[in-house]
Amino acid sequence: MTSHKTTQTMKPATAAKKLGVYLEATPAEFQEGVVSRTELNALQADPPAWLQELRRNGPHPRPVVAAKLGVSIAGLARGGITEALTTEQIDELKNEAPEWLQKERATQAEVRKEAVRIKEKQAERAARES
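Just so you know, the residues in each chain are numbered from 1, in the order the chain's sequence is written. Given that the model is predicted, a residue must reach a pLDDT of at least 70 before its local features are reported, and side-chain atom pairs must reach 80 or more before they are shown or counted; all residues, however, enter totals for whole chains, interfaces and linings. To get the side-chain values, all heavy atoms of the structure are used, and hydrogens and water are removed first.

A. Expanded view of the side chain of T87. Here a strand is any run of E in DSSP of at least two residues, a helix any run of H or I of at least four, and the numbering for each starts at the N terminus. You can see T87 is positioned in helix 7 (residues 87-96). Discounting chain neighbours no more than four positions away, the residues touching T87 are R56, N57, G58 and H60. We call two residues contacting when some pair of their heavy atoms lies within 4.5 Å.

Below, the structure is given as structure tokens:
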């Protein structure tokens, strides 16, 4: 019995998410086709000019915007940011440092501190139990 390997493909939205780019800003042929795992790996290993440009200047999807601003995606929404932003727009927000951004960054810092505290507590408990 021989097994033939089927090519794993994904929708353009999934591929864009994995590449960290905003789907609507990708070329039409990328948006309209399907992407195989091999093609995705090739795009990640040797990004074409359009992908390099999108990663550098955007527009960026909300998870990337949130990471660049140091806030959560929910924090972006609370701040009224619901659309993709360019790198220039993100830099402007950082320079302006509106009150909502400062508040969300502080909240995110607290969340991270709490996550570290919980992880340390769990590690301590695991060490006592072994």
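B. Examining the environment of R117 more closely. Mapped onto the elements, R117 comes out in helix 8 (residues 99-129). Polar contact is the term for a pair of N or O atoms within 3.5 Å; when the atoms are in protein, one must be able to donate a hydrogen and the other to accept it, and sequence-neighboring residues count only if both atoms are side-chain atoms. A polar atom in the side chain of R117 sits 2.6 Å from the side chain of E114.

C. Seen up close, unusual backbone geometry. Cis rather than trans, the peptide bond between G58 and P59 has omega equal to 10°. Note on placement: P59 falls in the loop between helix 4 (49-57) and helix 5 (62-69). One non-glycine residue, A97, adopts positive backbone phi at about 45°. Looking at the secondary structure, you find A97 in the loop between helix 7 and helix 8.

Geometry only, nothing functional implied.
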